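Residues per chain, in single letters:
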Amino acid sequence: MAAARSPQGATGIGGAGAGSTGGAGPVRGALRSVGRALHLPFTGTAKGIRKATHAHGAGESGLGKLIELHGVNGAGDMMITVALASTVFFSVPTDEARGRVALYLAITMAPFTLLAPVIGPLLDRLPHGRRAAMAGAFMARAFMALLLSGAVVTGSIELYPAALGVLVASKAYGVVRSAVVPRLLPPSFSLVKANSRVTLGGLLATGVAAPIGAGLQALGPRYPLYGAFLLFVAGTFLSFSLPRKVDSAKGEDKALLAADEQHLHGPHLKQPKRPGLRTVGTGVTHALAANAALRGLSGFLIFFLAFLLREHPLAGASAAVSLTIVGVSAGAGNALGTAVGAALRSRAPELIIVTVVAVVLAVAITAAVFFGVILVAVLAAFAGFAQALSKLSLDALIQRDVPELVRTSAFARSETLLQMAWVVGGAIGIALPLNGTLGMAVASAIVAAGWLTTVHGLLSAARHGGRQHARVA
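Throughout what follows, the structure given in this document is the object of discussion. (Residues numbered from 1 in each chain as written. Predicted model: local features only at pLDDT ≥ 70, side-chain atom pairs only at ≥ 80, totals over all residues. Heavy atoms only, no water.)

**Quick word on the environment of Ala205**
So, point 1. By the secondary structure assignment, Ala205 is in helix 7 (residues 191-219).
So, point 2. The exposure class of Ala205 is buried, given its relative accessible area of 19%.
So, point 3. Each C-alpha atom, one on Ala205 and one on Gly71, is 5.0 Å from the other, the two residues being 134 residues apart in sequence.
So, point 4. Those residues in contact with Ala205 that sit more than four places away from it in its chain are Gly71 and Ala75. (Helix = DSSP H or I, 4+ residues; strand = E, 2+ residues; numbered from the N terminus. Buried < 20%, exposed > 50% of the residue type's maximum accessible area, 1.4 Å probe, protein only. Contact = heavy atoms within 4.5 Å.)

Here it is, written out as structure tokens:
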């Protein structure tokens, strides 16, 4: 009996255990289902982003990682912009704000302008530090974001150099990124397609970050900066996730930003080897000059309109709303220009540049003659559109006319020149009196200087089809 009871007891205990497990199983299953449901929007979104950025060979080449890194860069910069939108421009009287921004623009960005001509050659000499250079730009902005998180609350003087330090680091990142893209091209990609993907990735991330930053701003001015800090720290680590080949200088040489040997300027310690292969051709030099005019216009509009719209908002809108309208117009134009540039597939890049710059010039002149709400927003949109489309056309010309062994260097040096143009345009925007008609007239002059000096050369290059070089491995 005892022996008989033992199995029953064991069975009974086992049955009780099984019954208990059976009751807990559905609970655990339900918890897992709820967890998956809560987790799905994040994992699903992340998988969707990864699938889009890594499509068509971009994952294997490493371009997908650069697209994601550029998205982090754009989101972090947008968080900084949101945090400073009210602090920098609205916390002190306009004249005082202009004076402080002008002073610290000179202190922080003048050295960048003076050193910009050596940044390209420095990248040529230190090509193995590209990932470290990108990581350094992110790390510097993370540190600046922490400084700003205290300064926006106390209103201390370090607000301005820290804010402009973020701009400098952001521009430095842009220079290095342009040198990295050619190293990460998938087999079927052109430089135009790759750059348009990277740019669109950054614009989409910026668009997502803007409302998130606004929500954090509602909690307090510190919180968007904390978000920027986290994003920049993530970017620091993501920079080192890029393939090691972006640090490799194999098959590269230094580019000379001149049309040919007869147009080389500046002292040379020794005669360059094979200068004909290292000069970039007439089409590229004229396209670069036209792009510099548009980049200068961008810097001018950012600083000039920021102060002008603060003092004289658009009709029926506050200063903050006025700036938002103009900023959204410029961003939408930039996104559209990037999309159109990718769709055109590098067709007739010289004609595209001539056309878009001429259109922007016409809009700027119209805005100067009939200065008003709509025309300011339209000019911002057309300027963003033209800047994006003409930059992609410049990329197409570099890919077509510049030898492969100096192409990476040409991208880095051309981007450095464009950043210098942005700084000069911004300085003009700060110094100019806050008169809308006068500002639009100066904007017209900036664009006209770039267009009139390059239109003949670009059209001539288009007729001759550019300079074709043999690809050098």
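**Some thoughts on the packing of helix 7 against helix 11 (residues 319-344)**
So, point 1. Look at helix 7 against helix 11: their axes get within 9 Å of each other, and the N-to-C directions meet at 155°. If you check the angle between helix 7 and helix 11, you find them roughly antiparallel. The way helix 7 lies across helix 11 gives a crossing that is left-handed. For the pair helix 7 and helix 11, contact is made by Val192, Ser196, Thr199, Leu200 and Leu203 and by Asn334, Ala335, Thr338, Gly341 and Ala342, respectively. (Axes fitted to C-alpha atoms, helices over the stretch in contact; angles between N-to-C directions. Parallel < 35°, antiparallel > 145°, perpendicular 65-115°, else oblique. Left-handed = near helix turned anticlockwise from the far one by under 90°.)

**Describing the environment of Val166**
So, point 1. Inspection of the secondary structure assignment puts Val166 in helix 6 (residues 159-180).
So, point 2. Sequence separation between Val166 and Ala140 is 26 residues, and the spatial gap between their C-alpha atoms is 7.6 Å.
So, point 3. Excluding anything up to four places from it in sequence, Val166 contacts Asp77, Ile80, Arg141, Met144 and Leu148.

**Things to note about the packing of helix 10 (residues 282-311) against helix 12 (residues 349-369)**
For any two helices packed against each other, one specifies the crossing angle of their axes together with the interaxial distance.
So, point 1. In contact at an axis separation of 11 Å, helix 10 and helix 12 are set at 30° when each is read in the N-to-C sense. With respect to each other, helix 10 and helix 12 are oriented roughly parallel. Crossing angle aside, the handedness with which helix 10 passes helix 12 is left-handed. Note on element contacts: helix 12 touches helix 10 through Ile353, Val357 and Val360, opposite Ala287, Ala290, Asn291, Leu294 and Leu297.
So, point 2. Residue composition of the contact of helix 10 with helix 12, by class: seven nonpolar, one polar and no charged. (Nonpolar A, V, L, I, M, F, W, Y, C, P; charged D, E, K, R; others polar.)

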